[in-house]
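Residue-level structure breakdown
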Amino acid sequence: MRKVTLFTGQWADLSSEELFPKVKEMGYDGVELACWGDHFDVQKALNEDGYCEAKWAQLEKCGLTCFAISAHLVGQAICDLIDERHKSILPPHVWGDGEPEGVRQRAAQEMIDSAKAARKFFDLKPGGAPEKVVVNGFTGSSIWHALYAFPPTSQEYLQKGFDDFGTRFKVIMDEFDKVDVFFALEVHPTEIAFDIATAERALEALDQHPRFGFNFDPSHLAYQGVDYVKFIYNFSDRINHCHMKDVWFGHGDGTVGVFGGHTEFLDPRRHWDFRSVGRGDVKFEEIIVALNDIQYDGPLSVEWEDGRMDRLHGATESCEYVRKLDFPRNTNLAFDGAFDNDAQ
């Protein structure tokens, strides 16, 4: 059975000392460590003696493990058109003076450092490093503002965005390759890849770089109308990590569309909102079958978001739901093999 972990990104208001015992109490096997709050500090991991060992000791004390770290926030700044919103999500040393290209360059270096920190951290994992060391994250996009084709947007204009992404991320992926680490883009609105078509185009821009793959998350695909199960099969050799996250869509009052209508989350007019796992409209049974078909053996990482529910209650029930839902694939006898004379 696959390990069930909790992505700590939405829990960064709690210190790891406060959070880890709660994660264990909620029933999880481990965590996907966010590179913000105090959950995983990239620069301390690289430069502070004993930091990685202490983090593993902290996890082991609570009976937890880890399979991936997540660098979503700095990743967003690599290709984005930088504005004042980015200052709130970036470490001060990455934001610097806020000059856009400088921010992008420093964010790219921080992503490279994240790969080096991940390799160092997982090489110190008690019992040995996982077969695949993964850094999850975002890429940002210089063309997200051109999502809708007016003023008229040519393919040449859009291609410049993919070329910019390719130029910036090929260098980063080459550095990931040097330390034997995989990147997993969470395909998501505001990223260079936000559905199947753009994910294919992103891979083309990278010349199919072997270190670039995906953190599969159905919630961001479902409310757009993208076939999230098809995504698994189309990119079967690129699924480096998996988020279990639910979304409720098609339940608004008809006044707000898929783009959100500049409303806040939880506004009852909204077309979609995130829900505790199992309480939305994502068909997780089909996802588990597809993951088994492609022989994905990595963790099932719950990214819990549901503003209508107490989070300890929600994350606990999500863990229980995912653990009950998962099942091992059949690796031996065909289901009808017992009828074969040779099997008697």
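An account of the accompanying structure is given in this report. (Residues numbered from 1 in each chain as written. Predicted model: local features only at pLDDT ≥ 70, side-chain atom pairs only at ≥ 80, totals over all residues. Heavy atoms only, no water.)

**Describing the pattern of salt bridges**
In a structure, side chains of opposite charge can pair up when their charged atoms sit close to one another. Within this structure, the stated rule accounts for 22 salt bridges. With its nearest N and O atoms 3.0 Å apart, the salt bridge here joins Lys178 to Glu175. Taken together, the positions of Lys178 and Glu175, both in helix H7 (residues 155–178) and 3 residues apart, correspond to about one turn of that helix. Among the charged side chains, a salt-bridge network with shared partners connects Arg119, Asp123, Asp177, Asp180 and Arg211. (Salt bridge = Lys/Arg side-chain N within 4 Å of Asp/Glu carboxyl O. Helix = DSSP H or I, 4+ residues; strand = E, 2+ residues; numbered from the N terminus.)

**Re unusual backbone geometry**
Here the amide bond leading from Phe150 into Pro151 is cis, since omega sits at 0°, within 30 degrees of zero. Looking at the secondary structure, you find Pro151 in the loop between strand E4 (134–137) and H7. One non-glycine residue, Thr190, lies in the positive phi region at around 90°. Mapped onto the elements of the fold, Thr190 is located in the loop between strand E5 (182–185) and helix H8 (196–205). Looking at Thr190, the relative accessible area reads 27%, which means it is partly exposed. Of note in this structure, Gln295 is not a glycine but carries a positive phi near 65°. (Buried < 20%, exposed > 50% of the residue type's maximum accessible area, 1.4 Å probe, protein only.)

**Regarding helix H1 (residues 16–25)**
Turning to H1, its buried residues are Ser16, Leu19, Phe20 and Val23. End-on, the buried residues of H1 take up no more than an arc of 100°, which puts them together on one face. Across from the buried face of H1, at angles greater than 90 degrees, the exposed residues are Glu17 and Glu25. Following H1 by one or two positions, Gly27 has its phi on the positive side, about 105°. (Arc of directions from axis to C-beta.)

**Description of the packing of helix H4 (residues 72–79) against helix H6 (residues 100–123)**
For any two helices packed against each other, the geometry is given by the interaxial angle and the distance between the axes. Between H4 and H6, the shortest axis-to-axis distance is 7 Å and the interhelical angle comes to 135°. For the element pair H4 / H6, the angle class is oblique. Once H4 is placed against H6, the crossing between them reads as left-handed. The segment H4 lies against H6, with Val74, Gly75, Ala77, Ile78 and Cys79 engaging Val103, Arg104, Ala107, Ala108, Glu110 and Met111. (Axes fitted to C-alpha atoms, helices over the stretch in contact; angles between N-to-C directions. Parallel < 35°, antiparallel > 145°, perpendicular 65-115°, else oblique. Left-handed = near helix turned anticlockwise from the far one by under 90°. Contact = heavy atoms within 4.5 Å.)

**Quick notes on the state of the cysteines**
Summed over all chains, the structure comprises 0 disulfides. Free of any disulfide, Cys79 has its nearest cysteine sulfur in Cys35, 18 Å distant. Free cysteine Cys319: the closest other cysteine sulfur is in Cys242, separated by 14 Å. Given the relative accessible area of 2%, Cys319 is considered buried. (Disulfide = S-S within 2.5 Å.)

**So, the packing of aromatic side chains**
In this structure the tally under the stated criterion is 22 aromatic pairs. For the ring pair Trp56 and Phe122, a centre distance of 6.0 Å and an interplane angle of 70° mean the geometry is edge-to-face. Taken together, the residues Trp56 in helix H3 (residues 51–61) and Phe122 in helix H6 connect sequence positions 66 residues apart. Owing to a relative accessible area of 3%, Trp56 belongs among the buried residues under this scheme. Consider the rings of Tyr223 and Trp272, whose centres lie 3.8 Å apart with planes at 10°: the pair is stacked. Residue Tyr223 is located in the loop between helix H9 (219–222) and helix H10 (228–234), and its partner Trp272 is located in strand E9 (residues 272–275); the two are separated by 49 residues in the primary sequence. Like Tyr223, the residue Trp272 is buried in the burial classification. Across the ring face of Phe182, the terminal group of Lys132 is positioned such that the distance to the ring centre comes to 4.8 Å. The ring centre of Phe274 lies 3.7 Å from the NZ or CZ of Lys245, which sits over that ring. (Phe/Tyr/Trp six-rings, centres within 6.5 Å; stacked < 30°, edge-to-face > 60°. Lys NZ or Arg CZ within 6 Å of the ring centre and 35° of its normal.)

These values are about where atoms sit, not about what they do.
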